[in-house]
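Chain by chain, the residues:
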Amino acid sequence: MNVRLYILQRGSAALMVPLVLLHLGVIFYASARGLSAADIFARTRGSLFWGSFYAAFVVAAATHAAIGVRSIAAEWTSLRGAALEVLMWSFGLLLAALGFIAVAAVVLA
Amino acid sequence: MNGLWDRQRRGFSRSGHRRDALWLAALLHRLSGLALAAFLPLHFLALALALKGEIALDGFLRWTANPLVKVAEMGLVFFLSVHVLGGIRILLVENLAWFQGQKQLATGALIGALLLALMFLVRAA
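The structure displayed is predicted, hence computed values, not measured ones.

Thresholds applied
- Residues numbered from 1 in each chain as written.
- Chains lettered and ligands numbered in written order.
- Predicted model: local features only at pLDDT ≥ 70, side-chain atom pairs only at ≥ 80, totals over all residues.
- Helix = DSSP H or I, 4+ residues; strand = E, 2+ residues; numbered from the N terminus.
- Buried ≥ 20, exposed ≤ 12 C-beta atoms within 10 Å, placed from the backbone.
- Contact = placed C-beta atoms within 7 Å.
- Nonpolar A, V, L, I, M, F, W, Y, C, P; charged D, E, K, R; others polar.
- Core = buried A, V, L, I, M, F, W, Y, C linked by C-beta atoms within 7 Å.
- Axes fitted to C-alpha atoms, helices over the stretch in contact; angles between N-to-C directions.
- Parallel < 35°, antiparallel > 145°, perpendicular 65-115°, else oblique.
- Expected span 1.5 Å × (residues − 1).
- Bend = angle between axes of the 7 residues up to and from the residue.

Turning to the overall build of chain B, a few remarks are in order. In terms of regular secondary structure, chain B is built from five helices and zero strands. Mapped in sequence order, the helices and strands of chain B form the string α-α-α-α-α. When each of the 125 residues of chain B is scored for burial, the buried share is 26%. Contacts spanning at least 24 positions in sequence make up 76% of the contacts within chain B whose residues lie at least 6 apart.

Here we come to the overall build of chain A. For chain A, the helix and strand inventory stands at four helices and zero strands. Going from N to C terminus, chain A has its helices and strands arranged as α-α-α-α. By the burial criterion, 27% of the 109 residues in chain A qualify as buried. A separation of at least 24 residues holds for 76% of the contacts in chain A among residues at least 6 apart in sequence.

Another point: the interface of chain B and chain A. Each partner contributes residues to the interface: chain B has 27 residues there, and chain A has 28 residues. Sorting the residues of the side of chain B that touches chain A by element identifies α2 (21-47), α3 (54-63), α4 (67-95) and α5 (102-124) of chain B as the ones contributing at least two each. Of the residues assigned to the side of chain B that touches chain A, the class counts are 19 nonpolar, three polar and five charged.

Membership of the largest hydrophobic core comes to 46 residues, with the highest contact counts inside it found for Ala61, Ala65, Ala66, Leu95 and Ala102 of chain A together with Leu47 of chain B. When contributions to this core are tallied by element, the ones reaching two or more residues are α1 (3-33), α3 (48-76) and α4 (82-107) of chain A together with α2, α4 and α5 of chain B. Apart from residues no more than four positions distant in its own chain, Ala66 of chain A is found in contact with Met88, Phe91, Gly92 and Leu95 of chain A.

Okay, the packing of α1 of chain A against α5 of chain B next. Direction vectors running N to C along α1 of chain A and α5 of chain B enclose 25°, while the axes themselves pass 8 Å from each other. The pairing of α1 of chain A with α5 of chain B is recorded here as roughly parallel in orientation. Facing α1 of chain A, whose interface residues are Phe28, Ser31 and Ala32 of chain A, α5 of chain B presents Phe120, Arg123 and Ala124 of chain B.

Secondary-structure assignment places Leu57 of chain B in helix α3. On a C-alpha basis, the gap between Leu57 of chain B and Asn95 of chain B in space is 42 Å, while along the polypeptide they are 38 residues apart. For Leu57 of chain B, the residues in contact, after removing those within four places along its chain, are Ala37 of chain A together with Leu49 and Ala50 of chain B.

Moving on, we get to α1 of chain A. For α1 of chain A, with 31 residues, the first-to-last C-alpha span of 44 Å sits near the 45 Å given by 1.5 Å per residue. At Met16 of chain A, α1 of chain A shows its maximal bend, which comes to roughly 35°, and the proline Pro18 of chain A appears one to four places after that position. Those residues of α1 of chain A not exposed but buried are Ser12, Ala13, Met16 and Val20 of chain A. The elements touched by buried residues of α1 of chain A are α3 of chain A together with α4 of chain B.

See below:
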(Lines give C-alpha, C1' and ligand atoms only; values in the text may rest on other atoms or scores of the structure.)
Protein backbone atom coordinates (compact mmCIF):
# COMPACT_ATOMS: atom_id res chain seq x y z
CA MET A 1 0.00 0.00 0.00
CA ASN A 2 1.46 3.40 -0.93
CA VAL A 3 1.06 6.62 1.07
CA ARG A 4 -1.89 7.85 -1.02
CA LEU A 5 -3.84 4.62 -0.48
CA TYR A 6 -2.91 4.59 3.22
CA ILE A 7 -4.27 8.12 3.74
CA LEU A 8 -7.44 7.31 1.77
CA GLN A 9 -7.93 4.08 3.76
CA ARG A 10 -7.48 5.70 7.16
CA GLY A 11 -9.35 8.87 6.15
CA SER A 12 -12.36 6.88 4.96
CA ALA A 13 -12.17 4.83 8.18
CA ALA A 14 -12.22 7.97 10.34
CA LEU A 15 -15.15 9.37 8.34
CA MET A 16 -17.05 6.11 8.71
CA VAL A 17 -16.73 5.83 12.51
CA PRO A 18 -19.66 8.19 13.23
CA LEU A 19 -21.54 6.94 10.14
CA VAL A 20 -21.31 3.29 11.25
CA LEU A 21 -22.29 4.13 14.83
CA LEU A 22 -25.42 5.96 13.61
CA HIS A 23 -26.10 3.12 11.11
CA LEU A 24 -25.93 0.61 13.99
CA GLY A 25 -28.48 2.75 15.81
CA VAL A 26 -30.72 2.66 12.72
CA ILE A 27 -30.31 -1.14 12.50
CA PHE A 28 -31.35 -1.57 16.14
CA TYR A 29 -34.28 0.84 15.76
CA ALA A 30 -35.56 -0.72 12.51
CA SER A 31 -35.17 -4.34 13.62
CA ALA A 32 -36.94 -3.79 16.94
CA ARG A 33 -39.89 -2.04 15.26
CA GLY A 34 -40.16 -4.37 12.25
CA LEU A 35 -40.56 -1.50 9.77
CA SER A 36 -42.46 -2.07 6.52
CA ALA A 37 -41.35 -0.65 3.16
CA ALA A 38 -43.93 2.16 3.58
CA ASP A 39 -42.52 2.97 7.05
CA ILE A 40 -38.99 3.16 5.60
CA PHE A 41 -40.01 5.29 2.61
CA ALA A 42 -41.96 7.67 4.89
CA ARG A 43 -38.68 8.41 6.67
CA THR A 44 -36.28 8.45 3.70
CA ARG A 45 -38.11 9.71 0.58
CA GLY A 46 -37.05 13.26 -0.19
CA SER A 47 -34.89 13.45 2.93
CA LEU A 48 -31.79 15.58 2.35
CA PHE A 49 -30.30 14.29 5.60
CA TRP A 50 -30.61 10.55 4.82
CA GLY A 51 -29.66 11.13 1.17
CA SER A 52 -26.45 12.97 2.14
CA PHE A 53 -25.73 10.58 5.00
CA TYR A 54 -25.95 7.42 2.90
CA ALA A 55 -24.28 8.96 -0.19
CA ALA A 56 -21.27 9.85 2.00
CA PHE A 57 -21.43 6.36 3.50
CA VAL A 58 -21.35 4.75 0.04
CA VAL A 59 -18.32 6.79 -1.08
CA ALA A 60 -16.42 6.07 2.15
CA ALA A 61 -17.35 2.36 2.25
CA ALA A 62 -16.50 1.78 -1.43
CA THR A 63 -13.11 3.50 -0.93
CA HIS A 64 -12.32 1.75 2.35
CA ALA A 65 -13.45 -1.73 1.23
CA ALA A 66 -11.69 -1.58 -2.14
CA ILE A 67 -8.33 -0.61 -0.58
CA GLY A 68 -8.84 -3.15 2.23
CA VAL A 69 -9.56 -5.98 -0.23
CA ARG A 70 -6.45 -4.95 -2.19
CA SER A 71 -4.32 -5.11 0.97
CA ILE A 72 -5.66 -8.53 1.98
CA ALA A 73 -5.20 -9.87 -1.56
CA ALA A 74 -1.58 -8.63 -1.49
CA GLU A 75 -1.00 -10.35 1.86
CA TRP A 76 -2.84 -13.62 1.33
CA THR A 77 -2.71 -14.33 -2.42
CA SER A 78 -0.09 -14.32 -5.16
CA LEU A 79 -1.71 -11.32 -6.90
CA ARG A 80 0.78 -8.51 -7.55
CA GLY A 81 1.11 -5.26 -9.50
CA ALA A 82 -1.57 -4.46 -12.08
CA ALA A 83 -3.80 -7.36 -10.95
CA LEU A 84 -4.14 -5.71 -7.52
CA GLU A 85 -5.03 -2.38 -9.13
CA VAL A 86 -7.69 -4.05 -11.33
CA LEU A 87 -9.15 -5.84 -8.31
CA MET A 88 -9.26 -2.63 -6.24
CA TRP A 89 -10.78 -0.41 -8.92
CA SER A 90 -13.32 -2.95 -10.18
CA PHE A 91 -14.53 -3.79 -6.67
CA GLY A 92 -14.63 -0.14 -5.59
CA LEU A 93 -16.53 0.99 -8.68
CA LEU A 94 -18.97 -1.95 -8.35
CA LEU A 95 -19.69 -1.01 -4.72
CA ALA A 96 -20.05 2.69 -5.57
CA ALA A 97 -22.44 1.98 -8.48
CA LEU A 98 -24.62 -0.46 -6.52
CA GLY A 99 -24.53 1.82 -3.48
CA PHE A 100 -25.70 4.90 -5.35
CA ILE A 101 -28.50 2.89 -7.01
CA ALA A 102 -29.59 1.70 -3.54
CA VAL A 103 -29.52 5.25 -2.10
CA ALA A 104 -31.47 6.58 -5.09
CA ALA A 105 -34.02 3.77 -4.74
CA VAL A 106 -34.69 4.55 -1.09
CA VAL A 107 -34.38 8.36 -1.11
CA LEU A 108 -35.41 9.53 -4.61
CA ALA A 109 -37.66 6.95 -6.27
CA MET B 1 19.00 -18.42 8.49
CA ASN B 2 21.20 -19.29 11.43
CA GLY B 3 19.10 -17.11 13.70
CA LEU B 4 15.91 -18.85 12.65
CA TRP B 5 17.52 -22.27 13.04
CA ASP B 6 18.78 -21.29 16.48
CA ARG B 7 15.31 -20.20 17.58
CA GLN B 8 13.82 -23.48 16.37
CA ARG B 9 16.58 -25.48 18.04
CA ARG B 10 15.91 -23.70 21.32
CA GLY B 11 12.27 -24.65 21.07
CA PHE B 12 10.72 -21.35 19.93
CA SER B 13 7.72 -21.86 17.65
CA ARG B 14 7.70 -20.11 14.29
CA SER B 15 3.93 -19.67 14.66
CA GLY B 16 3.95 -18.63 18.32
CA HIS B 17 2.95 -15.07 17.42
CA ARG B 18 -0.36 -16.48 16.17
CA ARG B 19 -1.45 -16.94 19.77
CA ASP B 20 -0.86 -13.25 20.52
CA ALA B 21 -4.07 -11.30 21.22
CA LEU B 22 -3.12 -8.42 18.89
CA TRP B 23 -2.25 -10.82 16.03
CA LEU B 24 -5.68 -12.43 16.50
CA ALA B 25 -7.26 -8.95 16.59
CA ALA B 26 -5.57 -8.11 13.25
CA LEU B 27 -6.82 -11.41 11.77
CA LEU B 28 -10.37 -10.76 13.04
CA HIS B 29 -10.22 -7.24 11.56
CA ARG B 30 -9.33 -8.66 8.13
CA LEU B 31 -11.90 -11.49 8.29
CA SER B 32 -14.71 -9.18 9.45
CA GLY B 33 -13.75 -6.67 6.73
CA LEU B 34 -13.88 -9.39 4.08
CA ALA B 35 -17.28 -10.58 5.35
CA LEU B 36 -18.64 -7.02 5.22
CA ALA B 37 -17.16 -6.45 1.75
CA ALA B 38 -18.86 -9.65 0.51
CA PHE B 39 -22.17 -8.65 2.11
CA LEU B 40 -22.28 -5.03 0.88
CA PRO B 41 -23.20 -5.75 -2.80
CA LEU B 42 -26.06 -8.01 -1.63
CA HIS B 43 -27.22 -5.32 0.83
CA PHE B 44 -27.29 -2.72 -1.96
CA LEU B 45 -29.11 -5.06 -4.35
CA ALA B 46 -31.76 -5.75 -1.69
CA LEU B 47 -32.30 -2.01 -1.12
CA ALA B 48 -32.52 -1.49 -4.88
CA LEU B 49 -35.70 -3.61 -4.78
CA ALA B 50 -37.32 -0.33 -3.72
CA LEU B 51 -37.09 0.68 -7.39
CA LYS B 52 -39.67 -2.03 -8.12
CA GLY B 53 -42.03 -0.57 -5.51
CA GLU B 54 -43.22 -1.22 -1.98
CA ILE B 55 -44.54 -4.72 -2.69
CA ALA B 56 -41.15 -6.01 -3.85
CA LEU B 57 -39.34 -4.54 -0.83
CA ASP B 58 -42.04 -5.76 1.57
CA GLY B 59 -41.62 -9.29 0.18
CA PHE B 60 -37.91 -9.11 0.97
CA LEU B 61 -38.55 -7.65 4.45
CA ARG B 62 -40.97 -10.53 5.21
CA TRP B 63 -38.21 -12.99 4.22
CA THR B 64 -35.86 -11.33 6.73
CA ALA B 65 -38.30 -12.18 9.55
CA ASN B 66 -37.15 -15.81 9.23
CA PRO B 67 -35.29 -16.83 12.44
CA LEU B 68 -32.33 -18.15 10.44
CA VAL B 69 -32.01 -14.78 8.71
CA LYS B 70 -32.12 -13.07 12.12
CA VAL B 71 -29.19 -15.24 13.26
CA ALA B 72 -27.29 -14.35 10.07
CA GLU B 73 -28.06 -10.67 10.70
CA MET B 74 -26.70 -11.07 14.23
CA GLY B 75 -23.46 -12.28 12.63
CA LEU B 76 -23.38 -9.19 10.42
CA VAL B 77 -23.97 -6.90 13.42
CA PHE B 78 -21.05 -8.66 15.15
CA PHE B 79 -18.77 -8.24 12.11
CA LEU B 80 -19.72 -4.55 11.72
CA SER B 81 -19.31 -3.85 15.45
CA VAL B 82 -16.00 -5.65 15.87
CA HIS B 83 -14.65 -4.01 12.70
CA VAL B 84 -15.57 -0.48 13.79
CA LEU B 85 -14.48 -0.94 17.44
CA GLY B 86 -11.21 -2.61 16.38
CA GLY B 87 -10.80 0.09 13.73
CA ILE B 88 -11.14 2.85 16.34
CA ARG B 89 -8.29 1.19 18.30
CA ILE B 90 -6.12 1.12 15.16
CA LEU B 91 -6.83 4.81 14.42
CA LEU B 92 -5.97 5.75 18.02
CA VAL B 93 -2.74 3.75 18.13
CA GLU B 94 -1.61 5.14 14.77
CA ASN B 95 -2.44 8.78 15.47
CA LEU B 96 -1.81 9.27 19.20
CA ALA B 97 1.30 8.75 21.28
CA TRP B 98 1.76 5.08 22.24
CA PHE B 99 -0.22 4.03 25.27
CA GLN B 100 -0.42 0.79 27.23
CA GLY B 101 -3.37 -1.59 27.31
CA GLN B 102 -3.65 -2.46 23.60
CA LYS B 103 -4.51 -6.11 24.31
CA GLN B 104 -7.15 -5.06 26.83
CA LEU B 105 -8.63 -2.61 24.29
CA ALA B 106 -8.71 -5.28 21.58
CA THR B 107 -10.37 -7.72 23.99
CA GLY B 108 -12.86 -5.02 24.98
CA ALA B 109 -13.71 -4.45 21.30
CA LEU B 110 -14.42 -8.18 20.91
CA ILE B 111 -16.58 -8.34 24.05
CA GLY B 112 -18.42 -5.12 23.09
CA ALA B 113 -19.18 -6.50 19.61
CA LEU B 114 -20.44 -9.80 21.05
CA LEU B 115 -22.73 -7.90 23.45
CA LEU B 116 -24.08 -5.69 20.64
CA ALA B 117 -24.76 -8.76 18.47
CA LEU B 118 -26.61 -10.47 21.32
CA MET B 119 -28.59 -7.30 22.07
CA PHE B 120 -29.57 -7.14 18.38
CA LEU B 121 -30.84 -10.73 18.44
CA VAL B 122 -32.83 -10.19 21.64
CA ARG B 123 -34.44 -6.98 20.30
CA ALA B 124 -35.11 -8.33 16.80
CA ALA B 125 -36.45 -11.75 17.88
